Amino acid sequence: MGKAVVSEKMKLLVALITLQFCFAGFHIVSRVALNIGVSKVVYPVYRNILALLLIGPFAYFLEKKERPPLTFSLLVQFFLLALIGITANQGFYLLGLTYASPTFASAMQNSVPAITFIMACTLRIEHINLVRRHGVAKVLGTIVSIGGATTITLYRGFPLLQRSLTTQETHHSHNEIDSINKSQNWTLGCLYLMGHCLSWAAWMVLQAPVLKKYPAKLTLTSFTCFFGLIQFLVIALFAETDPNNWIIGSWEEIFTILYAGIVASGLVVYLQTWCIYKGGPVFVAVFQPLQTLLVAAMAFVVLGDKLYSGSIVGSVFIMLGLYLVLWGKTEEKRQVNEASSQEEDHEALTKNLLGDETKKAQDSESPV
């Protein structure tokens, strides 16, 4: 029994680390795709085609009995979810990655739980109780996370690490790295990535009420990918008029698109769903900062990116804020469960007492 429990925990741990490696790899692969000239419109179009081809069949066969009937109102909500969660989310991410580093993008994503909390409170989905410790922790964590994101945005700082290249590497990649660094407009990258985080948070908040009406998760994901694909194709009609940009001309381009579609949109969805089922959403979210460390290491080795002091300071604040928010959510859930358990025990005790009183009354009324 003990070995089985350890084995399950080890499986979950390995799955979570693999999940973060997949996420980290996507940051690097996306940056490589932009560096080698893959269009910022073509890339998400191919990604969502692959995601739809992967998830669609599973949704059709596995959720036949769970799918409620489709209505026009639901289709409109799916379209809006795609506009926020696919088109705006992926579009802002790629625009931000054009001007900022993958490490910076990953660090900014750690602020999504705090932004989600603010949006949920604004829409009265989440409630704040400042009398309790968990309420104070959530508010304080949100403030610290926003402070960290602001620090990264306004204070770039000085470079801490810079990979020293060999003579041969310098000959082949010095000009490329210089052109990449020149294109990194920190402020513009911050604004686009903040738009990405806002879109991601809004998608999570607005998805919750839709799932209550339409609980078939894979089918909802498939519809979201489909509408997101349509929206990107409409954008492509105006933004990507050169047919040559749609031609995949190298193995590097094929690899980046396959990784984005199969790993980032296929394997990641499965792994994340399995990990949340086994460990819960809070436990999964706790591992998110690991992704930032992995991205920093990968970007340093693969892309030769510099690591700036402002990113380190801001990331520490964002991670601290993330853990405060997660602790507050966990503590709140624990107290709610305890209160619910006590209420159930009280109701059970009341029923037992009433049952005993009724039985005594019946015994006293029965003839000797």
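These numbers come from a predicted model, not from an experiment.

About the criteria used
- Residues numbered from 1 in each chain as written.
- Predicted model: local features only at pLDDT ≥ 70, side-chain atom pairs only at ≥ 80, totals over all residues.
- Heavy atoms only, no water.
- Helix = DSSP H or I, 4+ residues; strand = E, 2+ residues; numbered from the N terminus.
- Buried < 20%, exposed > 50% of the residue type's maximum accessible area, 1.4 Å probe, protein only.
- Contact = heavy atoms within 4.5 Å.
- Areas by Shrake-Rupley, 256 points an atom, 1.4 Å probe, with all protein chains shown as cover.
- Axes fitted to C-alpha atoms, helices over the stretch in contact; angles between N-to-C directions.
- Parallel < 35°, antiparallel > 145°, perpendicular 65-115°, else oblique.
- Left-handed = near helix turned anticlockwise from the far one by under 90°.
- Nonpolar A, V, L, I, M, F, W, Y, C, P; charged D, E, K, R; others polar.
- 1 Å grid on protein atoms, 1.4 Å probe; cavity = no way out; pocket = protein on both sides within 12 Å on 5 of 7 lines; lining within 4 Å.
- Points joined across faces, edges and corners; volume = space filled by probe spheres on them.
- Core = buried A, V, L, I, M, F, W, Y, C linked by side-chain atoms within 4.5 Å.

Novice: Could you give me a rundown of the overall build of the protein chain, with the residues and numbers involved?
Specialist: If you tally the helices and strands in the protein chain, you get 13 helices and 2 strands. Per-residue burial over the protein chain gives 42% buried out of 368 residues. A separation threshold of at least 6 residues defines the contact pool for the protein chain, and within that pool the share at least 24 residues apart is 89%. Surface exposure of the protein chain reaches about 20,400 Å², of which carbon and sulfur atoms provide 68%.

Novice: Summarise the side chain of Gln109; cite the residues concerned and give the values.
Specialist: As for its position among the elements, Gln109 is in helix α4 (residues 102-109). Given the relative accessible area of 7%, Gln109 is considered buried. In this structure Gln109 touches His27, Tyr93, His196, Cys197, Trp200, Gln288 and Gln291, once residues within four positions along its chain are discounted.

Novice: For the packing of helix α3 (residues 72-99) against helix α8 (residues 186-213), give the residues involved together with the corresponding values.
Specialist: In contact at an axis separation of 8 Å, α3 and α8 are set at 160 degrees when each is read in the N-to-C sense. Between α3 and α8, the crossing angle belongs to the class labelled roughly antiparallel. As for the relative orientation of α3 and α8, their crossing is left-handed in sense. Within the contact of α3 with α8, the residues separate by chemical class into 19 nonpolar, 9 polar and 1 charged.

Novice: Explain empty space enclosed by the protein residue by residue, including any values.
Specialist: For the structure shown, the criterion picks out 2 cavities of 30 Å³ or more. In this structure, the second largest cavity encloses a volume near 40 Å³. Forming the boundary of the second largest cavity are Phe26, Tyr43, Pro44, Arg47, Gln90, Tyr93 and Leu94. Residues belonging to the lining of the second largest cavity are distributed by class as follows: 5 nonpolar, 1 polar and 1 charged.

Novice: Describe in detail the environment of Leu94, supporting the description with residues and values.
Specialist: On the secondary structure map, Leu94 appears in helix α3. Sequence separation of Leu94 and Pro44 is 50 residues, and the distance between their C-alpha atoms is 8.9 Å. If we skip the residues at most four places from it in the chain, Leu94 touches Ser30, Leu34, Lys40, Tyr43 and Pro44.

Novice: Can you explain the nonpolar core? Please cite residues and give values.
Specialist: In globular proteins that are soluble, nonpolar side chains generally tend to be buried together. By size, the foremost hydrophobic cluster in this structure holds 39 residues, and its most contacted members are Phe26, Tyr43, Tyr93 and Phe104. Mapped by element, the contributors of at least two residues to this core are α1 (2-35), α2 (42-62), α3, α4, α5 (112-122), α8 and α10 (251-279). Ranked by residues supplied to this core, first place goes to α1 with 10 residues. In this structure, Tyr93 is in contact with Phe26, His27, Ser30, Ala105, Gln109, Leu193 and His196, ignoring residues within four places of it in sequence. Membership of the second largest hydrophobic core comes to 9 residues, among which are Leu74, Phe78, Ala82 and Ala216.

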